[in-house]
Amino acid sequence: MSRTLVHCCVQDGLEYVRCAQEAGLDVDAIAPRLSFFFAIGMSFYMEVAKLRSARRLWAQLLRERIGAKNPKSWLLRTHCQTSGSVLPPTTCVRRGWDLTG
């Protein structure tokens with residue numbers, strides 16, 4: 001699951017960069033503005049490893065394949081939040097009850 005999430009997010013970002021380049025924009029003007037959303041599960045160390053690998057992969061791809069020169073372009077800005085699938089059932093019921101009121 002984590003590998004798929006990282007792959008999809010990074011590929012999506014690379015596609016944005018490619019489209020911007022085709023439109024005549026510089027990669028270093030676009031890449032620092034991109035941000036990524038990640039779902040976070042309950043396995044702390046696995047989630048840390050997932051985010052670290054995503055940051056490393058993004059930086060490597062932007063430097064080596066795309067040719068970004070600005071170090072800010074190599075940074076992977078992220079927003080992380082838990083998904084509802086990792087919540088205990090009682091929390092889901094309580095949250096559903098909250099939403100009805």
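For the structure, check the block above.
In this report, the structure presented in the accompanying data block is examined. (Residues numbered from 1 in each chain as written. Predicted model: local features only at pLDDT ≥ 70, side-chain atom pairs only at ≥ 80, totals over all residues. Heavy atoms only, no water.)

### Some words on the packing of aromatic side chains
Thinking step 1. Throughout the structure, instances matching the rule amount to 2 aromatic pairs.
Thinking step 2. With a centroid separation of 5.0 Å and 70° between ring planes, the pair formed by F36 and W58 is classed as edge-to-face. Of this pair, F36 sits in strand 1 (residues 35–40) while W58 sits in helix 3 (residues 44–66); the two residues are 22 residues apart in sequence, bridging distant segments of the chain.
Thinking step 3. Under the relative-accessibility criterion, W58 is labelled buried at 0%.
Thinking step 4. Taken together, a centroid distance of 5.2 Å and an interplanar angle of 80° make the contact between F44 and Y45 edge-to-face. Of the two residues examined, F44 and Y45, each falls in the exposed class.
Thinking step 5. In this arrangement the basic side chain of R63 is found over the ring face of W74, its NZ or CZ atom lying 4.9 Å from the centre. (Phe/Tyr/Trp six-rings, centres within 6.5 Å; stacked < 30°, edge-to-face > 60°. Helix = DSSP H or I, 4+ residues; strand = E, 2+ residues; numbered from the N terminus. Buried < 20%, exposed > 50% of the residue type's maximum accessible area, 1.4 Å probe, protein only. Lys NZ or Arg CZ within 6 Å of the ring centre and 35° of its normal.)

### A closer look at helix 1 (residues 2–22)
Thinking step 1. Under the 1.5 Å per step criterion, the end-to-end length of helix 1 is 30 Å for 21 residues, consistent within 8% with the ideal 30 Å.
Thinking step 2. Where helix 1 is concerned, the buried positions are S2, L5, V6, C9, V10, G13, L14, V17 and A20. Summarising the axial view, the buried residues of helix 1 lie within an arc of 155°, below the 170-degree limit, and thus occupy one face. Exposed positions of helix 1 whose direction lies more than 90 degrees from the buried face are R3 and E22.
Thinking step 3. Looking at the buried side of helix 1, the elements it contacts are helix 2 (27–30), strand 1 and helix 3. (Expected span 1.5 Å × (residues − 1). Arc of directions from axis to C-beta. Contact = heavy atoms within 4.5 Å.)

### Points about the state of the cysteines
Thinking step 1. All chains considered together, the criterion is met by 0 disulfides.
Thinking step 2. Of all cysteine sulfurs in the structure, the one in C8 sits closest to C9, which takes part in no disulfide; the separation is 7.0 Å. (Disulfide = S-S within 2.5 Å.)

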